[in-house]
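Single-letter residue listing:
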Amino acid sequence: MRARFDAAQTTKDNAKHWGAADFLSADAEADSNVRKILRTRARYEVQNNSYARGIVKTLADDTVGTGPRLQMLLDDEDVNKRIEHDFQVWAKRTRLPAKLRTIRMARCQDGEAFVILAQNPRLTTNVRLDLQLIEADRVTDDELISDERRVDGITFDSFGNPVSYRVLKFHPGGTESFNTEFLTVKAENMIHVFRQDRPEQHRGIPEITAALPLFAHLRRFTLAVVSAAEAAADFAGILYTDAPANGEADSVEAMDTIQLERNMLLTMPGGWKMSQVDPKQPVTTYGEFKHEILNEIARCLSMPYNIAAGNSSGYNYASGRLDHQTYYKSLKVDRAFMEAEILDRVFDAWMREWSLATATQLDACDCRHVWFWDGQEHVDPAKEANAQEEALTQLFVGYTDTTFTAKTFTVLPTGDIDKQILTRFSRKLGFVDADDLAGEPYYISVRDQHTVIFPSEKEAAKRKIEGLVYNMPSMANVMISTMQGTVLEREMPIAQFGTIDQLSPTLFNKGATTRLTLHPATGGILHLEQ
């Protein structure tokens, strides 16, 4: 095979790694037998691994919280309040938040959840609609049935929409497992929730599938460390001697054991010493290994390490907040998914029955509503409250945005300058030209301080300027002002107000080493070293 990609090459080094890669379809890859194995193993790990249990439970609690709250957006406020009140009472009686948390946990460990919209005659509310949760094991097909439009208990139409679900009356792993009676539930009465990772995928696999081998590694490593530590602790000490074989030490039976008592003196056989076993477990890398494994496990759920481990001891405030950003975004996406797949469908069915029970005529297309979930608690409530107060205040009074810019102006003075327009500034346009009346003028004034002594005419006539020449700038007072007052005033050297002079040629003889630094703007001497 000729391939342009390194990953498409098959060599002796990677043949085993890619040996399990297949070309199966989404449904064939996750057929009923494969999903059964994944579900049982995921459930076993969640039931027996405290980290797995905590991760799945925390994800469900953080996603659902105390449950979603309904807000109606109809034009009639009285109808809005009635619907919101009745739905809240119904949600409490049917334990809607708890069922949503169970659905979220089932998606994580089972891969999917099924909900039948059924009538519960024991409900005391005006709406008898209830959610009946069904385990994924009960939605299955007879292995002898072969139909291209059926995928393990679900029948689809030609467009791929579910038509009906085949639900066993009893769980195949229960006491009535021999009973194969089933019910056919119409699609409008069934909610099937799973994460579709591939096109044409119709059944879900556990969301922690990629982490199942890592959970096993974590538990095996922990048990191995504990076993090694216990083995070392089983021996209180070992007798040893420095004497050669058949030497002067007393004879002691090899592999013999001595029962020790607390707070008692002990005599050793002649020539023998006692030493405690040096335990090697747990090693210093034990915590690092568990940290990396848990971090990799939690990544498939977009959960940061400190939430998965329940330990933030290695975090500072900034890194903790940064890691939580991805997690909170994942929760928002998951809540939007639950709104579309579960809550909106439940609310539509609830509204139809509520309208009939209360004799309220509502347009079927005019059931505008939104769902509100629990907010995320801030680590520092005081800072969060101040930030919210500032944000709310800005909605009314606005805010000030300051931008700093640097602009260069070139001025060539030939003498003193008195309030020459340097530039103009407009609050809307910024800096504008000096002759643009749209801006307020900024003036510049320059006054020579005459700090340089000029030679007389006779001395100037006698001097010969040759060799290395440098400037002797004079200090000048520079002031920038507006009509309101002075903006800037300082003294600075200006070459135009000074004179020129020369350096003695002896500074640069062959035997001399002279370093000279000149100012790039004024040409004056900054540093002279010989």
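For the structure itself, consult the block above.
Glancing now at the pattern of salt bridges. In the structure shown here, the tally under the stated rule is 22 salt bridges. Close ionic contact of Arg39 with Asp137 constitutes a salt bridge, the shortest N to O distance being 3.3 Å. Within this pair, whereas Arg39 is found in helix α2 (residues 32-48), its partner Asp137 is found in the loop between β3 (129-134) and β4 (150-151), the two being separated by 98 residues in sequence. For the pair Arg39 and Asp137, one class covers both residues: buried. Glu135 is paired through a salt bridge with Arg43; the nearest N and O atoms lie 3.4 Å apart. One end of the pair, Glu135, is in the loop between β3 and β4; the other, Arg43, is in helix α2, and 92 residues separate them in sequence. For Arg43, a relative accessible area of 14% gives the class buried. Via salt bridges that share partners, Arg39, Arg43, Asp110, Glu135 and Asp137 belong to a single interconnected network.

Of the pairings in the sheet, the one linking strand β12 (residues 417-426) to strand β14 (residues 440-448) comprises 6 bridges and is antiparallel in character. The partner of Phe425 across the bridge, within β14, is Glu440. Here β14 runs beside strand β15 (residues 469-481); their pairing, made up of 6 bridges, is antiparallel. Paired with Tyr443 across the strands is Ser481, a residue of β15.

Moving on: the sheet that holds strand β7 (residues 182-186). Taken in spatial order, the 4 strands line up as β4-β5-β6-β7 in an open sheet, and their pairing is antiparallel. The open sheet has two edge strands with one neighbour each: β4 and β7. Bridging between strand β5 (residues 154-156) and strand β6 (residues 162-168) involves 3 bridges; their strand directions are antiparallel. If you follow Phe156 over to β6, its bridge partner there is Pro162.

Another aspect to go through is the pairing of strand β2 (residues 112-119). Of all the 8 residues making up β2, 6 are buried; the element is thus mostly covered by neighbouring parts of the structure. Bridging between β2 and strand β8 (residues 190-194) involves 5 bridges; their strand directions are antiparallel. Its bridge partner lying in β8, Phe114 is registered against His192. As paired elements, β2 and β3 share 6 bridges and run antiparallel to each other. Paired with Ala118 across the bridge in β3 is Asp130.

Further remarks concern the packing of aromatic side chains. Taken as a whole and judged by the stated rule, the model has 13 aromatic pairs. Ring centres 6.1 Å apart and planes at 40 degrees place the aromatic pair Tyr327 and Tyr328 in the tilted group. Residue classification places Tyr327 among the buried residues on the basis of a relative accessible area of 1%. Residue classification places Tyr328 among the partly exposed residues on the basis of a relative accessible area of 23%. The interplanar angle of 15 degrees and the centroid separation of 6.0 Å between the aromatic rings of Trp350 and Trp354 together place this pair among those described as stacked. Taken as a pair, Trp350 and Trp354 lie in helix α9 (residues 317-358) at a separation of 4 residues, close to a single helical turn. We classify Trp350 as buried; its relative accessible area is 0%. Trp354 gets classed as buried once you look at its relative accessible area, which sits at 0%.

Between its first and last C-alpha atoms helix α10 (residues 381-397) spans 24 Å; for 17 residues at 1.5 Å apiece the expected length is 24 Å, and the two agree. Phi for Gly398, located one or two positions after α10, is positive at around 80 degrees.

What follows covers the sheet that holds β2. With antiparallel pairing, the 3 strands of this open sheet are ordered in space as β3-β2-β8. Of all strands in the sheet, those bounded by a partner on one side alone are β3 and β8. Adjacent strand axes in the sheet meet at a mean angle of 25 degrees, parallel and antiparallel pairs treated alike. Lying over the sheet, helix α5 (residues 96-109) contacts β2, β3 and β8, oriented at roughly 25 degrees with respect to β3.

Reading the values: rules and limits
- Residues numbered from 1 in each chain as written.
- Predicted model: local features only at pLDDT ≥ 70, side-chain atom pairs only at ≥ 80, totals over all residues.
- Heavy atoms only, no water.
- Salt bridge = Lys/Arg side-chain N within 4 Å of Asp/Glu carboxyl O.
- Helix = DSSP H or I, 4+ residues; strand = E, 2+ residues; numbered from the N terminus.
- Buried < 20%, exposed > 50% of the residue type's maximum accessible area, 1.4 Å probe, protein only.
- Pairing = 2+ DSSP bridges.
- Phe/Tyr/Trp six-rings, centres within 6.5 Å; stacked < 30°, edge-to-face > 60°.
- Expected span 1.5 Å × (residues − 1).
- Axes fitted to C-alpha atoms, helices over the stretch in contact; angles between N-to-C directions.
- Contact = heavy atoms within 4.5 Å.

What is shown is where atoms sit, not what they do.
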